[in-house]
Amino acid sequence: MELQVMDNRLTAIVDLEVYPEPVLFKCLYWYTNNYEVEITKVSTVQLKCTIAPKEASATTDWDYVISRLRRDLVDFKLRQIVSDETKTIRELLIAKAFAYYDQEDLPASGVTDPVGFDPQSI
Amino acid sequence: METVFLQERQTRKFKDSHHYTADTGYTLLPFRFHRLPDEREILVNEIGDYMVLPAGTCARIIERRIDSTQPEDKVLYEDLVAGFFITEQPVPDLLEVIATRYRTKKSFLDHFTSLHIFVISLRCEHTCHYCQVSRVTSDRNKYDMSRAHIDAGIDMMMQSPGRNLTMEFQGGEALLAFDNIVYAVEKAKLAAVKHGKQLTYVICTNLAPLTDEMLAYCKENSILISTSLDGPAFIHDKNRHKPNASSYQLAVDGIRRCREVLGEDNVSALTTNTRRSLDYPVEIVDEYVALGFRNIFLRPISPYGFATMSANRNRYETGRFLEFYKTALDKIIEHNLNGYFIREDYAAIILKKLLTPFPVGYVDLQSPAGLINSVIVFNYDGAIYASDESRMLAEMKDFTFRLGILGETSYREVFYGEKTQALTDVMVNESLPGCSACAFQGYCGADPVFNYATQGDMYGYRPDNSFCQRNMQIIEHLITLMEQDKRIEKVFRSWITGKS
C-alpha cells in the first residue's frame, strides 16, 4: 500500500489482491463521519483512496490516521476471511436452526397408486 | 511420426486417507472480533459465546497458526474447539447443537407480538418538560381511548399467535381514565378465556391519582404497577413537574401503598435521565437503595416528542450519558459487594445475552427488531403504531410508523402488510451496514425508529449513531469489568440468576 499525505489529505494506493473492494468499503465506512472519503479505480488491480478532513481547516494527526488505517484494514481483511470461509457453514447452520419451522406440506390431492395399493390402509 | 506419451495407468484403488485430508489442521466456524483498548481482543461466535484473548490471537487463528501440539497453544486450541470457534472436521459433529443454540437465541420470535400497549388516555396532570408525548388535562372525549377502539384492540390482541400476552396501559396518565382500564380488563378477561390466552396486565402511572379503590381492583386482578422515579426529590420534582404538589412525594407514597397492597414484586420503577440527572449518578442509585428497590433501570432520555423540543436541557452527548452510566454502575456494584442485592436492568439484559444461551424479550435490543415482532401500540385515537417510540413521533406529526386504525385495518394488514414488509429490510442487524461485521451484533439490536428519529434514515449511520456508540461501550465495559474482577462477574451472574 502506497501512502502519501499532501495538502492535508491522505492518498492510499491499494492493491486489490491484498485488500479487496468489500474490505476497503467496510473499513472506510467508519471514517466517513469525520473525513471525506473517495475511492476511485486506478487500474484493474489498484484502487485509490483519498481521505481528507471534513473541515478543511482542521488539524489532523496523520501519523495516527495512517496507523489506524493500517490496523483497520488488517482487521477488516481478517473479518472478510472468516466471513468468506465460513459462509457455507453459516448458511447450513441457519437453515438447520429454522428448518423446524417448516410446515409439513400435506398433499393437496388424494394419494393413489395405479397398482391398486391403498396407502391409507397402512 | 507422432510421439506417444504413455501415461501411468489409473486404477480405482483407494488412496491412503492422508490423500483426502486437507492439511490445515482445523476449520473456522463463524465468529467476529473486536479490539479492546487494552490490547486484548474479544472473539464472539455465531451463538453469542465470547472469549477475551491477547491481541493478535484472532490473526493467528485465521492464519492457522494455533498448533494444538505445542504446549503454549494446547489449552487455547481446546477452548476454541469447545467454544465453537473452530472445528476439527469440515462440518462439525456438533452442528445440530450449534443450530439448536442459534434457534434458542432467536426463540423470542416464537412468541411474536406479546406486548400490547393501550394508550388509554392522553390526559395528564403533570407538566414534565421532557414528556415524550403530549399532555392535555381536559376534553376527556377527545383524548381518552373510545370503547370501540378498546374492543377492536382486544380483538386484535387475541389474534396474536402467542399464548402469554401482556396488556399494558399507558398515558398521558393512565389512571385518569381508570374507568376505561376497568372496562378493558373486564373485556379482555372474557376474551382471554374464549381464546385460551394467559394475560398479564400492567399500568404505567405516575401514581399521583392512585386511590384505594384502584389499588383494590389491581390486587383483585393481579395488575402490575410500573411507575417513574427519577431519583431524589430535588431531581424528580424538577424533571416531573406537577403544579402545586411534589411529584416525588406522591410517587414515593404511591410506591409504599402499592407494595403494601400488591406486594413488593408487583411494583417497579423506571428512571428517565435528563441532562440534570447526569450530575447525580450516585444520588439516584442511593435513592433506589434507600427506598428498598432491588432493581434500577438507567435509561437515557428518548429523542422523541417534547424531549427533542427542549434541546438545551435534554440533548446531551452520549459520552456524558456513558460517564453517568459507568459511575452509577460502579455504585450499584458496590452496594452488591456490600451485601445489598440491586440489579441494573439494562446491564442485566445484555448480561443474559452474554452469559446464557437464552433470548431476552427486551424490545430495544432485538434482531429482528422488537417493533411489531414483540410490541404493538394502540394509540388513544385508535391509530396503530409499530412501537411506543413510533407513536411519540406521531405526536410530532410524523406518521411514518403508523400501521393502521383499530376497527378499520385487519390483523393481516397490520402484521403482514406492505408497510411492515418494507420495515423488515431495516429490522435485522445481521445485514445492516456497520452492524454486519460487529462482534457485538448478537448482544445488540436494530432500532429503525431511533435511527429515523435521530438520523432521518431507518438504516442508520453507525459511525455517529448514539444507539451504536452507547451499546458498544456498555457491552465492552461489562465484559471488561467481568474480566478485571471475578467478584464483579459473580455479582453480574447473580443479576441474571437472581441468586447471590
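Chain B is annotated in an unreviewed UniProt entry as His-Xaa-Ser system radical SAM maturase HxsB of Chitinophaga agri. According to UniProt, the comment filed for chain B under the heading Cofactor (unreviewed entry) is "[4Fe-4S] cluster".

A. Just the overall build of chain B, in detail. Each helix and strand counted, chain B has 20 helices and 16 strands in total. For chain B, the proportion of its 500 residues judged to be buried stands at 57%. Considering only residue pairs separated by 6 or more positions, chain B has 69% of its internal contacts joining residues 24 or more positions apart. A total accessible area of about 22,600 Å² is found for chain B, and carbon and sulfur atoms account for 51% of it.

B. Spotlight on the interface of chain B and chain A. Counting residues at the interface gives 33 residues for chain B, matched by 23 residues for chain A. Carbon and sulfur atoms supply 67% of the area buried between chain B and chain A, which totals about 2,700 Å² over both sides. Of all residues in chain B, the largest losses of buried area upon contact with chain A belong to Phe 33, Arg 35 and Arg 103 of chain B, amounting jointly to 21% of the total for that side. Note that Glu 85 of chain A and Arg 64 of chain B form a salt bridge whose closest N and O atoms lie 2.8 Å from each other. Viewed at the interface, chain A and chain B are joined by 9 residue pairs in polar contact (both at pLDDT 80 or more). If you list the elements that add at least two residues to the side of chain B that touches chain A, you get strand E2 (31-35), helix H1 (57-62) and helix H3 (95-105) of chain B. The element best represented in the side of chain B that touches chain A is H3 of chain B, accounting for 6 residues. For the side of chain B that touches chain A, a count of residues per class yields 19 nonpolar, 3 polar and 11 charged.

C. The arrangement of the pairing of strand E9 (residues 223-228) of chain B in detail. All names here are of chain B. The element E9 is extensively covered by neighbouring structure, given that 5 of its 6 residues are classed as buried. As judged from the 5 bridges shared by strand E8 (residues 198-205) and E9, these two strands associate in the parallel manner. Note that in E9 the partner of Val 202 across the bridge is Leu 224. Once you follow E8 into helix H7 (residues 212-220) and on to E9, the crossover reads as right-handed.

D. Up close: helix H6 (residues 178-195) of chain B. Residue and element names in this part refer to chain B. Between its first and last C-alpha, H6 extends 25 Å over 18 residues, near the 26 Å set by a 1.5 Å rise per residue. The set of residues buried in H6 consists of Phe 178, Asn 180, Ile 181, Ala 184, Val 185, Ala 188, Ala 191 and Ala 192. Projected down its long axis, H6 carries its buried residues within an arc of 140°, all on one side. In this structure, H6 carries Leu 190, Val 193 and Lys 194 as exposed residues pointing more than 90 degrees from its buried face. Among the structural elements, helix H5 (147-158), strand E7 (164-170), E8, H7 and E9 are those in contact with the buried residues of H6.

E. How the structure looks around the side chain of Ser 367 of chain B. Residues and elements named next belong to chain B. As for its position among the elements, Ser 367 is in the loop between helix H14 (345-355) and strand E14 (375-378). Given the relative accessible area of 5%, Ser 367 is considered buried. In this structure the side chain of Ser 367 is engaged in a polar contact, spanning 2.7 Å, whose partner is the side chain of Glu 430.

F. Structural view of the environment of Thr 454 of chain B. Residues and elements named next belong to chain B. Its location among the elements puts Thr 454 in helix H18 (residues 448-455). Judged by relative accessible area, which is 36%, Thr 454 ranks as partly exposed. Among the polar contacts made by the side chain of Thr 454, one reaches the main-chain carbonyl oxygen of Phe 450 at a distance of 2.7 Å.

G. Representation of the domain arrangement of chain B within the structure. All names here are of chain B. Each assigned domain of chain B is listed with its residue range as follows: domain 1 (24-92) and domain 2 (106-421 + 470-478). On a C-alpha basis, the centroid separation for the pair domain 1 and domain 2 is 41 Å. Taken together, the contact pairs 6 residues of domain 1 with 5 residues of domain 2. Between domain 1 and domain 2, roughly 390 Å² of surface is buried when both sides are summed, and carbon and sulfur atoms account for 59% of that area. Three residues stand out in domain 1 for area buried against domain 2, namely His 34, Gly 48 and Tyr 50, and they jointly supply 69% of the buried area on that side. Here domain 1 and domain 2 share 0 salt bridges between them.

H. The nonpolar core, seen in detail. Core analysis: the biggest nonpolar cluster contains 118 residues, and Tyr 50, Phe 169, Ile 203 and Phe 492 of chain B have the highest contact counts within it. If near-sequence neighbours (up to four positions away) are discounted, Ile 203 of chain B is found in contact with Phe 169, Ala 174, Leu 175, Phe 178, Ile 181, Cys 218, Ile 223, Leu 224, Ile 225 and Ser 226 of chain B. Counting 21 residues, the second-largest nonpolar core is a separate cluster that includes Leu 28, Ile 66, Leu 69 and Phe 76 of chain A.

I. View of the sheet that holds E8 of chain B. Residue and element names in this part refer to chain B. Read across the sheet, 9 strands follow the order E12-E10-E9-E8-E7-E6-E14-E15-E16 without closing on themselves; strand pairing throughout is mixed. The strands lining the two open edges of the sheet, one partner per strand, are strand E12 (298-300) and strand E16 (402-405). Put simply, the sheet's adjacent strands are angled 25° from each other on average, direction ignored. Across 3 bridges, the pairing between strand E10 (residues 267-273) and E12 is parallel. Bridging from a neighbouring strand, Thr 271 pairs with Leu 298 of E12.

J. Highlighting the pattern of salt bridges. Applying the stated rule across the entire model yields 28 salt bridges over all chains. One salt bridge connects Asp 279 of chain B with Arg 320 of chain B, and the closest N-O pair in it is separated by 2.8 Å. Note that Asp 279 of chain B is positioned in the loop between E10 and helix H10 (281-290) and Arg 320 of chain B in helix H13 (residues 318-337), a separation of 41 residues in sequence. Overall, Arg 320 of chain B belongs to the partly exposed group, its relative accessible area being 31%. Among the ionic contacts, a cluster of salt bridges with common partners joins Arg 68, Arg 71 and Asp 72 of chain A.

Thresholds, definitions, all that
- Residues numbered from 1 in each chain as written.
- Chains lettered and ligands numbered in written order.
- Predicted model: local features only at pLDDT ≥ 70, side-chain atom pairs only at ≥ 80, totals over all residues.
- Heavy atoms only, no water.
- UniProt positions renumbered as here; feature names shortened; annotations may be inferred.
- Helix = DSSP H or I, 4+ residues; strand = E, 2+ residues; numbered from the N terminus.
- Buried < 20%, exposed > 50% of the residue type's maximum accessible area, 1.4 Å probe, protein only.
- Contact = heavy atoms within 4.5 Å.
- Areas by Shrake-Rupley, 256 points an atom, 1.4 Å probe, with all protein chains shown as cover.
- Buried area = accessible area lost by both parts, 1.4 Å probe.
- Salt bridge = Lys/Arg side-chain N within 4 Å of Asp/Glu carboxyl O.
- Polar contact = N/O pair within 3.5 Å; in protein donor to acceptor, adjacent residues only side chain to side chain.
- Nonpolar A, V, L, I, M, F, W, Y, C, P; charged D, E, K, R; others polar.
- Pairing = 2+ DSSP bridges.
- Right-handed = clockwise from strand over helix to strand, strands pointing away.
- Expected span 1.5 Å × (residues − 1).
- Arc of directions from axis to C-beta.
- Domains from an automatic or database assignment.
- Core = buried A, V, L, I, M, F, W, Y, C linked by side-chain atoms within 4.5 Å.
- Axes fitted to C-alpha atoms, helices over the stretch in contact; angles between N-to-C directions.

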